[in-house]
Amino acid sequence: MDWTAINFDWNRARAFLVTAEEGSFSAGARALGLAQPTLGRQVSALEMELGVTLFERVGQGLVLTAAGRQLKQHVQMMAEAAGRFSLSATGQATQLDGTVTIAASELEAVFLLPSVISRIRQRWPGIHLDVQVSHSVADLKRREADIALRSFRPTEPDLIARKLYEEPIWLYGTPQYLSTFGQLERLEDLRDVQVIGFEQSNQLEEFLKPRGWPIGQDNVRITSLSQMLHWQLVRLHQGLGFFPQRIGDTEPAFQRAFEHLGPPLQLPLWLVSHRELRTSQRVRVVYDALAEALADTGEVSSAHW
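Conventions used here
- Residues numbered from 1 in each chain as written.
- Predicted model: local features only at pLDDT ≥ 70, side-chain atom pairs only at ≥ 80, totals over all residues.
- Heavy atoms only, no water.
- Phe/Tyr/Trp six-rings, centres within 6.5 Å; stacked < 30°, edge-to-face > 60°.
- Helix = DSSP H or I, 4+ residues; strand = E, 2+ residues; numbered from the N terminus.
- Buried < 20%, exposed > 50% of the residue type's maximum accessible area, 1.4 Å probe, protein only.
- pLDDT = per-residue confidence, 0-100.
- Core = buried A, V, L, I, M, F, W, Y, C linked by side-chain atoms within 4.5 Å.
- Contact = heavy atoms within 4.5 Å.
- Salt bridge = Lys/Arg side-chain N within 4 Å of Asp/Glu carboxyl O.

### Some details on the packing of aromatic side chains
Counted under the stated rule, the structure contains 10 aromatic pairs. Ring centres 4.7 Å apart and planes at 55° place the aromatic pair Trp231 and Phe254 in the tilted group. On the criterion of sequence distance, the pair formed by Trp231 in helix 9 (residues 227-235) and Phe254 in the loop between helix 10 (245-248) and strand 8 (255-256) is long-range, its members being 23 residues apart. This pair shows no difference in class: Trp231 is buried, exactly as Phe254 is. In this structure Phe254 comes out as buried when scored by relative accessible area, which is 8%. Connected via pairs of aromatic rings, a cluster forms that spans Phe111, Tyr172, Trp231, Phe243 and Phe254.

### A short note on the confidence of the model for the chain
On average, the chain scores 82 in pLDDT, and the residues at 70 or more come to 84%. Mean pLDDT values over the elements of the chain span from 50, in helix 5 (residues 92-95), up to 96, in helix 9.

### So, the nonpolar core
The biggest cluster of nonpolar side chains holds 39 residues, and the ones touching the most others in it are Leu113, Val286 and Leu290. For this core, the elements supplying multiple residues, two or more each, are strand 3 (98-104), helix 6 (106-123), strand 4 (127-133), strand 5 (147-150), strand 6 (159-173), helix 9, strand 9 (265-274) and helix 11 (281-293). For this core, the element with the highest residue contribution is helix 11, accounting for 8 residues. Those residues within four positions of Leu290 in sequence are excluded, and the remaining contacts are Ile102, Leu113, Val116, Ile147 and Leu271. Ile169, Trp213, Phe242 and Ala257 belong to the second largest nonpolar core, which has 18 residues in total.

### Section: the pattern of salt bridges
For the structure on display, the rule yields 8 salt bridges. Notably, a salt bridge pairs Arg221 with Asp218, separated by 3.1 Å at the nearest N-O pair. Neither residue differs from the other here; Arg221 and Asp218 are each classed as exposed. Between Glu251 and Arg235 there is a salt bridge, and its shortest N-O distance comes to 3.9 Å. With Glu251 in the loop between helix 10 and strand 8 and Arg235 in helix 9, this residue pair connects regions lying 16 residues apart in the sequence. Among the charged side chains, a salt-bridge network with shared partners connects Asp249, Arg256 and Glu259.

Encoded structure:
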């Protein structure tokens, strides 16, 4: 190997990669814990070392040049190798110690995760699992989580995703509540039903009406971002709530509302991680354990409230 051909500083290459990933010097500096001028100087020094222009400024942001795009691919491979080197040097690659953060919604955390968490803890007791329960989308690129469960396919090029399954989302209610409506033959007859919503807006109405469900503001008198509050309110005969089939069917007090009319929608479940984090073995084993447990034949924990 010609060692004299390596004519750049790795720290500067890392500064270039982080700036390219984050889209600006300010965001890249925050990611590395550096001052913005320091990061800018490192990137400028790398451009001088290599004799190329890596970025063009467009408005308030930065855009990679053709040379920058080409070099970014090589630096990404270097970063992945550096990550594996660091893990091996610290023993993390074999000992599987450390924290793995999983972002999930309330229902997913309560009904889908407990059994697989138990298996992970039994097999890899050195892994600390931090489950972040939120309805907002965790920014994996900024390391807000290592792994996320999402109902949509990510579009960011730096994320990897596996579709676990797709299932119907039904409106569920108690037999007592649904008995007041009889056997409806048409969705147009569904006028007096109450649906528990997530926010005070026309979003639910705009979503359901094209699908034939005549739901308006008068049909949504209770709103909350808490899915488990929806669950409890449905159990108390206060209306209908949206739940995934494999979760809603676990509750003996629930039944699918107007099943003969079909489910209002279908949603997928995606398992998502940042591709660079796949070089961490502890993240990989948790990712694979989730994928195996939550695939199309995955188990659902029963919860009684």
